[in-house]
Amino acid sequence: METEKKIVGRCPLCGGNVVKTCKGYRCENNIGENPTCCLNINGILGNRKMSDEEITEFLTTRRIMLDGFATKEGKTFPTVLELGDDGSVNMQSVIGKCPHCGGDIRVGSRAFNCSNFHHPTAPCTFSIWRNIGGHQLTLTEAQEICEKEITSSELEMFRDDGSVYRKRLGLSPDKLQIVKI
Ligand SMILES: [Zn+2]
Ligand SMILES: [Zn+2]
């Protein structure tokens, strides 16, 4: 009789099936006596329970931005999970470079912020709200604004009266403000 298993996605390291286990998610080629793969993702990362859907996306993209991680003291924070070639899962809060000053842009709970905000001699106020016009910016969209100065496609946004409009998000000429284009 076949053993029933819950497959959540394909292993980005070896192409095998990734199955749900009691502790998290494991590549089928990392089970048994002679494993040929090392992929084994804990079900709880940064004191946060991962959902099957998040793992499915993570296995496809190898990068996923999520909220709700928590320090030991219970302070919550967002971060980007990255899957290394050795199967390790790394937390990375830096998502790109500031188009205004070249500093690191970090994901915060409400905005992507320039890390030079408190710089003693050259403070930088550049930030991108994570919610603009009711649209929740994705990691890719924020990176496009930082790297290409404009999103590659129009984003769906909403007015006060509920009407929908679509604009690309880009940078003002001084590269400090986000503008709808
Ligand atoms: Zn594998
Ligand atoms: Zn900056």
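If you're wondering where the values come from, they're calculated on a predicted model, not measured in any experiment.

1. Let's talk about the coordination of the zinc ion (ligand 1)
Looking at the metal site, the zinc ion (ligand 1) is ligated by C11 (SG), C14 (SG), C27 (SG) and C37 (SG), spaced 2.2 to 2.3 Å from it. Summarised as a motif, the one-chain spacing of the donors to the zinc ion (ligand 1) is C-x2-C-x12-C-x9-C. Placement of the pair is C27 in strand β3 (residues 24-27) and C37 in the loop between β3 and β4 (40-42), with a sequence separation of 10 residues. Looking at C37, the relative accessible area reads 10%, which means it is buried.

2. Points about the sheet that holds strand β12 (residues 111-114)
Pairing in this open sheet of 4 strands is antiparallel, and the strands run β10-β11-β12-β13 from one edge to the other. The open sheet has two edge strands, β10 (94-97) and β13 (127-129), and neither has a second partner. Taking each pair of neighbouring strands and ignoring which way they run, the sheet shows an average axis angle of 20 degrees. Inspection of the sheet shows strand β11 (residues 104-107) paired to β12 by 3 bridges, in the antiparallel sense. Within β12, the residue paired with V107 across the bridge is F112. Of the strands in this sheet, β10, β11, β12 and β13 touch helix α2 (residues 139-148), which is tilted by about 20 degrees from β10.

3. Some remarks on the pattern of salt bridges
In this structure the tally under the stated criterion is 10 salt bridges. The salt bridge partner of R130 is D67, with a shortest N-O separation of 2.7 Å. With R130 in the loop between β13 and β14 (131-132) and D67 in strand β7 (residues 63-70), this pair connects stretches of sequence that are 63 residues apart. In the salt-bridge network here, residues are joined through shared partners; they are K6, K20 and D52.

Cut-offs and rules
- Residues numbered from 1 in each chain as written.
- Chains lettered and ligands numbered in written order.
- Predicted model: local features only at pLDDT ≥ 70, side-chain atom pairs only at ≥ 80, totals over all residues.
- Heavy atoms only, no water.
- Donors = N, O, S within 2.8 Å, 3.2 Å for Na, K, Ca; no water.
- Helix = DSSP H or I, 4+ residues; strand = E, 2+ residues; numbered from the N terminus.
- Buried < 20%, exposed > 50% of the residue type's maximum accessible area, 1.4 Å probe, protein only.
- Pairing = 2+ DSSP bridges.
- Axes fitted to C-alpha atoms, helices over the stretch in contact; angles between N-to-C directions.
- Contact = heavy atoms within 4.5 Å.
- Salt bridge = Lys/Arg side-chain N within 4 Å of Asp/Glu carboxyl O.

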